[in-house]
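Structural characterization, general
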Amino acid sequence: MTDTTAAKDPPGRPRGIPIVYRPGTAYRTVDPGNGQTASRTPKASEVTAAAIVHDIVADDLEVGDRLRPEAEMLAHYNVSRETLREALRLLEVQGLVSIKRGPGGGPLVEPLNASYLARTATLYFHLSGATYDEVFDTWEILEPPLAGRVAQLPDRKLKMRAFAPFLDYQPEEHERDEVFEDLNNFHAVIAALSGNRVLTLLTQAVTHIVTDHVLERIDPIAESAHMLHSHTDIAEAIIAGRAKRAATLMREHIVAVTASYRERWPERLQQAIEWR
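1. Observations concerning the overall build of the protein chain
- When you go through the protein chain residue by residue, the secondary structure sums to 11 helices and six strands.
- Out of the 276 residues belonging to the protein chain, those deemed buried represent 34%.
- A fraction of 69% describes how many contacts in the protein chain between residues 6 or more apart in sequence connect residues 24 or more apart.
- Surface exposure of the protein chain reaches about 16400 Å², of which carbon and sulfur atoms provide 54%.

Pasting the structure below:
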């Protein structure tokens, strides 16, 4: 099968490792000597982590539920203590479980936080040489149609409840960090309302990179008047079921935010995305 690789980076842009898509090769490595691929047996900890995730879903566990005690897991998965603990560390790094230390402790199920997905994605983005300008471009591609999709939801009361915190927001009543978080949560609400969990996670991950890596330089208090006005217009269009207007307003909002940033910090957008 022929590899599909990305085009070479334009002059002046960060260089990166080529992007290669090899279907069905999750556990294959490339020999740098001859370029041939070879199979790699999954580590016992990876297999165990996958089994734990399967059981979390199969057992219908909820956030805050405790997994089996260590002794039970050792017997259930038939692995060593070292393998089990490495498997749990793999899940902990991804934010899927938290480990409570001390008597009565153990692994607890955590909610799915797209910031962990964003962190994994930024590793790939960084190595590829992708820039923050490309993140902005992705944001503009993803979110406007999502706003239009949410506007088509028939449950007007649901939309009104979801957007109520943003319709009469008083930034002067909040601390800077609270304003920054609340303004960003507006986008997370739209993603969550989409009803598509893949879109929700992907959009929230991209939005997280935009806000946590780039827009953090913007003073939310100084920018809140424009932001809140845009958010109010978008929310009202969504609540009214005006899909085309909601998508258009969201695109205009993102373009305005990115244009303002490009004008003030153009050099930042040409930098490679950091892994964090």
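On we go from here.
2. Section: the packing of helix α6 (residues 156–167) against helix α7 (residues 176–193)
- Packing of α6 against α7 leaves a shortest axis separation of 9 Å and a crossing angle of 170°. In terms of orientation, α6 lies roughly antiparallel with respect to α7. Here the hand of the crossing between α6 and α7 comes out left-handed. Packed against α6, whose contacting residues are Leu158, Ala162, Phe163 and Phe166, the element α7 presents Asp182, Asn185, Phe186, Val189, Ile190 and Leu193 at the interface.
- Tallied by class, residues from the contact of α6 with α7 come to eight nonpolar, one polar and one charged.

3. Details of a nonpolar patch on the surface
- There is a patch of nonpolar side chains on the surface, built from Leu117, Val198 and Leu202 and spanning about 250 Å² of accessible area.
- Along the chain, valine 198 turns up in helix α8 (residues 197–214).
- Take valine 198: its relative accessible area is 55%, and that puts it in the exposed class.

4. Notes on the pattern of salt bridges
- For the structure on display, the rule yields seven salt bridges.
- For the salt bridge of aspartate 55 with arginine 68, the shortest nitrogen-to-oxygen distance reads 3.6 Å. Here aspartate 55, found in helix α1 (residues 44–58), pairs with arginine 68, found in the loop between α1 and α2 (70–77); they are 13 residues apart in sequence, far enough to count as distant.
- Relative accessible area serves as the criterion here: at 28%, arginine 68 is assigned to the partly exposed category.
- Here arginine 262 ties to aspartate 133 by a salt bridge, and the two come within 2.7 Å at their closest N and O atoms. One end of the pair, arginine 262, is in helix α10 (residues 243–264); the other, aspartate 133, is in helix α5 (residues 132–151), with 129 residues separating them in the sequence.

5. Looking at unusual backbone geometry
- At aspartate 60, a position not held by glycine, the phi torsion is positive, near 55°.
- Using a relative accessible area of 61% as the deciding quantity, one classes aspartate 60 as exposed.

6. Quick word on the nonpolar core
- Judged by nonpolar contacts, the single largest core of 43 residues is most densely connected at Phe136, Trp139, Phe163, Phe186, Ile190 and Ile238.
- Listing elements by their share of this core, those giving two or more residues are α5, α6, α7, α8, α9 (220–239) and α10.
- With near-sequence residues (within four places) excluded, tryptophan 139 lies in contact with Pro144, His187, Val206, Thr207, Val210, Leu215, Ile254, Val257 and Thr258.
- Counting residues in hydrophobic clusters, the runner-up holds 13 residues, among them Ile52, Ile56, Leu74 and Tyr77.

7. Some thoughts on the packing of aromatic side chains
- Per the counting criterion, the structure on display carries five aromatic pairs.
- With a centroid separation of 6.0 Å and an interplanar angle of 80°, the aromatic rings of phenylalanine 136 and tyrosine 261 are classed as edge-to-face. Residue phenylalanine 136 is found in helix α5, and its partner tyrosine 261 is found in helix α10; the two are separated by 125 residues along the sequence.
- Consider the rings of phenylalanine 163 and phenylalanine 186, whose centres lie 5.6 Å apart with planes at 55°: the pair is tilted. Of the two residues, phenylalanine 163 is situated in helix α6 and phenylalanine 186 in helix α7; the sequence distance between them amounts to 23 residues. Neither residue differs from the other here; phenylalanine 163 and phenylalanine 186 are each classed as buried.

8. Describing the packing of helix α4 (residues 114–128) against α8
- In the contact formed by α4 and α8, the axes pass within 8 Å of each other and the chain directions differ by 75°. Considering the angle they form, α4 stands roughly perpendicular to α8. Between α4 and α8, the contacting residues are Ala114, Ser115, Leu117, Ala118, Thr122 and Phe125 on the first element and Leu201, Leu202, Gln204, Ala205, His208, Ile209 and His213 on the second.
- Looking at the contact of α4 with α8 residue by residue, the class counts come to eight nonpolar, five polar and no charged.

What counts, and where the lines are drawn
- Residues numbered from 1 in each chain as written.
- Predicted model: local features only at pLDDT ≥ 70, side-chain atom pairs only at ≥ 80, totals over all residues.
- Heavy atoms only, no water.
- Helix = DSSP H or I, 4+ residues; strand = E, 2+ residues; numbered from the N terminus.
- Buried < 20%, exposed > 50% of the residue type's maximum accessible area, 1.4 Å probe, protein only.
- Contact = heavy atoms within 4.5 Å.
- Areas by Shrake-Rupley, 256 points an atom, 1.4 Å probe, with all protein chains shown as cover.
- Axes fitted to C-alpha atoms, helices over the stretch in contact; angles between N-to-C directions.
- Parallel < 35°, antiparallel > 145°, perpendicular 65-115°, else oblique.
- Left-handed = near helix turned anticlockwise from the far one by under 90°.
- Nonpolar A, V, L, I, M, F, W, Y, C, P; charged D, E, K, R; others polar.
- Patch = residues over 30% accessible without salt bridge, like charges linked within 9 Å, V, L, I, M, F, W, Y side chains within 5 Å.
- Salt bridge = Lys/Arg side-chain N within 4 Å of Asp/Glu carboxyl O.
- Core = buried A, V, L, I, M, F, W, Y, C linked by side-chain atoms within 4.5 Å.
- Phe/Tyr/Trp six-rings, centres within 6.5 Å; stacked < 30°, edge-to-face > 60°.

These figures capture arrangement, not role.
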